[in-house]
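The residues making up each chain are set out below.
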Amino acid sequence: MAATYRTPAGASLTEALVQEIRQDFPLLAQEVNGHPLAYLDSGATSQNPLQVLDAERNFYLGANSAVHRGAHTLAVEATEAFEEARRTLAGFIGAREEEIVWTSNATEAVNLLTYSLGNASQGLGGPQAAPYALGPGDEIVTTEQEHHANIIPWQVLAARTGATLRYIPVTDQGLIDYEAAQNIIGESTRILAFTHVSNVAGSITDVDYLVSLARKVGALTLLDACQSAPHLPLDLAQLDVDFAVLSAHKMLGPTGIGALYGKAQHLDALPPFLTGGSMITKVTMTEAQWMPAPTKFEAGTQRVSQAVAWAEAIRYLDHLGMENVQAWEAQLGQQLAAGIQEIPGARLIGPAPGQERAGLAAFHLEGVHPHDVGQFLDQTGLAVRVGHHCAQPLHRALGITASTRASSYIYNTPAEIDRFLQELAKVRPYFGYSS
Amino acid sequence: MSGLEQLYQQIILEHSKQRSGEGLLDPQGQAAATNHQYNPTCGDEINLRVILSSDQKSIESISWEGDGCSISMAAASVLSDMAPGMSLTDFQALIDDFREMLRSRGQIQPDEEVLGDAAAFAGVSKFVARVKCAMLSWVAAEEASKEAAQASA
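Residues numbered from 1 in each chain as written. Chains lettered and ligands numbered in written order. Predicted model: local features only at pLDDT ≥ 70, side-chain atom pairs only at ≥ 80, totals over all residues.

A. Region of interest: the overall build of chain B. Helix and strand counts for chain B come out as 6 helices and 3 strands. Reading the secondary structure of chain B in the N-to-C direction produces α-α-β-β-β-α-α-α-α. Since a compact globule built from 153 residues should have a radius of gyration of about 15 Å, the 15 Å found for chain B is in line with a globular shape. C-alpha extents for chain B along the principal axes are approximately 50 × 30 × 25 Å. Expressed as a percentage of its 153 residues, the buried residues of chain B come to 44%. If you take every contact in chain B between residues at least 6 apart in sequence, the share linking residues at least 24 apart comes to 66%. (Helix = DSSP H or I, 4+ residues; strand = E, 2+ residues; numbered from the N terminus. Rg over C-alpha atoms; globule rule 2.2 N^0.38 Å. Buried ≥ 20, exposed ≤ 12 C-beta atoms within 10 Å, placed from the backbone. Contact = placed C-beta atoms within 7 Å.)

If you want it as structure tokens, here you go:
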């Protein structure tokens, strides 16, 4: 059953259209603490439109069954829906379906890769996996801007293999220092892992440049696309990264599902991470043979309804058009950055107003702890994120322990951003600071 | 009183800015112990030192260094004002009362006779996410006082 939409396909987003979009998100219509909710925390988790909720419900109402096993009609329908979801995601990000591995979330996707590389380093996967083995003298490079999910798995992989983990530093604004990157990425670099859009700085990484540095030395690349796939057109084949990770709940989909993208040649060669049911061809008492990728990486019962719902979320975004999504959020991001910059005592993290920025902005408010900022705003119905946003190294580099972040999506309006800025201006005076 | 004003009582706002006890004191030979507490969800942390009196039966001073929200900083400051001169038994009783009030989800009316300025934190108990902020320094003080007493016993 195809979803129906309130908005015309591919139209530029306007305030009127966004009001229509909001009708698809009943959650947004509620009051919080006596004020209309302004949900400015989509960078942490986004809301699901009715179309997505209906898709998951309809799957359970009409087609729920075990996938990739059983010959009955429902099992075939469920399998078809599951694999159709994989094709939908692949098409959305410029990938082929066999290059998509379902995971529980992006964090698990990074771990899948690092454990697979660790297994290859211990000799699993035979000669075809051997080129992926890491050891002493090899370097893994990531950036100081990363989410912990793109740091800690590499720390653990380095510890397991004896490889060294190095970081591309950030500038005073919290931006990737590309000049330093040039000096850090060298002959010993085997893997370069970096984010596409910073969840704190809101900056958009120059992927082409970093990939070119990695290519020169033959290093593999992993792109954290959690904050880009929901917000801008993404073509992984064109970006030419080797791996990428995604998360459904940040792009109008359900929690509990994410994906690892890997170029087919890599996924074919690498050994599995989780093992067990579904991912094998022949099993004896002493050994097993793996299915081809991506199935060899999908052990156990899969997240079928979540995959179906995620595909519906992707169709919703596709219907709007990612260029239009990006343009709308760029406008909101600029409104946030410019407004925050005007507030006495506020220090904007990331690109200055006027420079390219995604639809989010984080900042430090002199003298007031982010938890107090968030509490004040919550009392006026404004939902923002406070804390270190799973990016402690970035905050430490900026000389702060935490920050406050407002992040927008397709359902946010300039009026909501104005409300946020007006309330934010009251915070320091409330806590006893004159401007 | 709005929710915000219940949480941020004037006493709390004042203590969060004019902090008592900030800066670790030198024990100068007195029985003392230092305890570190960290709240991983928000990054708030405190390093707090309890110094005992020369007879080791009461609190001589509480001093600390830390970084955190107004609630956590004010709680450390209020405790630093209240604790000096208290017997170890009374000190533990105060911490128990404070903890009970904070965990009551707004159900326990504080006894200002007993809790003094710490009664201002009653409103925090309605904000479940902030209870840990208020408790951070008090837990550090509880641990440090026990350790100091044991070490000197």
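B. Highlighting the interface of chain A and chain B. At the junction of the two partners, chain A supplies 13 residues and chain B supplies 13 residues. Broken down by element, the residue count for the side of chain A that touches chain B peaks at 4 residues, all from helix H13 (residues 370-378) of chain A. Counted by class, the side of chain A that touches chain B contains 3 nonpolar, 9 polar and 1 charged residues. (Nonpolar A, V, L, I, M, F, W, Y, C, P; charged D, E, K, R; others polar.)

C. Up close: helix H3 (residues 73-92) of chain A. Residues and elements named next belong to chain A. For H3, spanning 20 residues, the distance from its first C-alpha to its last is 28 Å, which sits close to the expected 28 Å at 1.5 Å a residue. All buried positions along H3 are accounted for by Ala 78, Ala 81, Phe 82, Ala 85, Arg 86, Thr 88, Leu 89 and Phe 92. Each buried residue of H3 sits inside an arc of 160° when the element is viewed along its axis, so together they form one side. Away from its buried face by more than 90 degrees, H3 exposes Thr 73 and Glu 80. Elements in contact with the buried residues of H3: helix H2 (50-62), strand E4 (100-103), strand E10 (258-262) and helix H11 (304-320). Gly 94 lies just past H3 and shows a positive phi near 70°. (Expected span 1.5 Å × (residues − 1). Arc of directions from axis to C-beta.)

D. Focus on the nonpolar core. Counting residues in hydrophobic clusters, the biggest one holds 175 residues, and the most contacted among them are Ala 244, Trp 310 and Ala 313 of chain A together with Val 50 of chain B. Counting contributing residues per domain, this core is built from domain 1 (15-47 + 321-430) and domain 2 (57-318) of chain A, each supplying no fewer than three. Look past the residues within four positions of Ala 313 of chain A in its chain and what remains in contact with it is Val 52, Ala 248, Met 251, Leu 252 and Gly 253 of chain A. (Core = buried A, V, L, I, M, F, W, Y, C linked by C-beta atoms within 7 Å. Domains from an automatic or database assignment.)

E. Main features of H11 of chain A. When the terminal C-alpha atoms of H11 of chain A are compared, their 25 Å separation across 17 residues agrees well with the 24 Å that a helix rising 1.5 Å per residue should span. With 14 of 17 residues buried, H11 of chain A is to be regarded as a mostly interior element.

F. Seen up close, the sheet that holds strand E16 (residues 385-387) of chain A. All names here are of chain A. If you walk across this open sheet you meet the 4 strands as E13-E14-E17-E16, and the pairing is antiparallel. Unpaired on one side and paired on the other, strand E13 (346-348) and E16 mark the two borders of the sheet. Geometrically, the sheet is characterised by an average inter-axis angle of 30° between neighbouring strands, direction not taken into account. For E16 and strand E17 (residues 403-407), the ladder comprises 3 bridges, and the chain directions are antiparallel. What sits directly across from Val 386, in E17, is Thr 404. Lying over the sheet, helix H12 (residues 322-342) contacts E13, strand E14 (360-365) and E17, oriented at roughly 15° with respect to E14. Packed on one face of the sheet, H13 meets E14, E16 and E17 and runs near 160° to E16. (Pairing = 2+ DSSP bridges. Axes fitted to C-alpha atoms, helices over the stretch in contact; angles between N-to-C directions.)

G. The domain arrangement of chain A, seen in detail. All names here are of chain A. Splitting chain A by domain gives domain 1 (15-47 + 321-430) and domain 2 (57-318). Listed as interface residues are 28 residues of domain 1 and, on the opposing side, 30 residues of domain 2. Broken down by secondary-structure element, the contributors of at least two residues to the side of domain 1 that touches domain 2 are H12, E14, helix H14 (392-397) and E17. Broken down by element, the side of domain 1 that touches domain 2 gets its largest block of residues, 6 residues, from H12. Its residues assigned to classes, the side of domain 1 that touches domain 2 shows 14 nonpolar, 9 polar and 5 charged.

H. Spatial organisation of the packing of helix H4 (residues 106-121) of chain A against helix H6 (residues 152-161) of chain A. Residues and elements named next belong to chain A. Packing of H4 against H6 leaves a shortest axis separation of 9 Å and a crossing angle of 10°. Our classification of the angle between H4 and H6 gives roughly parallel. Taking contact as the criterion, the partners of Val 110, Asn 111, Thr 114, Leu 117, Gly 118 and Ser 121 in H4 are, on H6, Pro 153, Trp 154, Val 156, Leu 157, Arg 160 and Thr 161. A per-class count over the contact of H4 with H6 returns 6 nonpolar, 5 polar and 1 charged. (Parallel < 35°, antiparallel > 145°, perpendicular 65-115°, else oblique.)

I. Molecular detail of the environment of Leu 50 of chain A. Tracing the sequence through the fold places Leu 50 of chain A in helix H2. Spatially, the C-alpha atoms of Leu 50 of chain A and Leu 27 of chain A are 10.0 Å apart, while their sequence positions differ by 23 residues.

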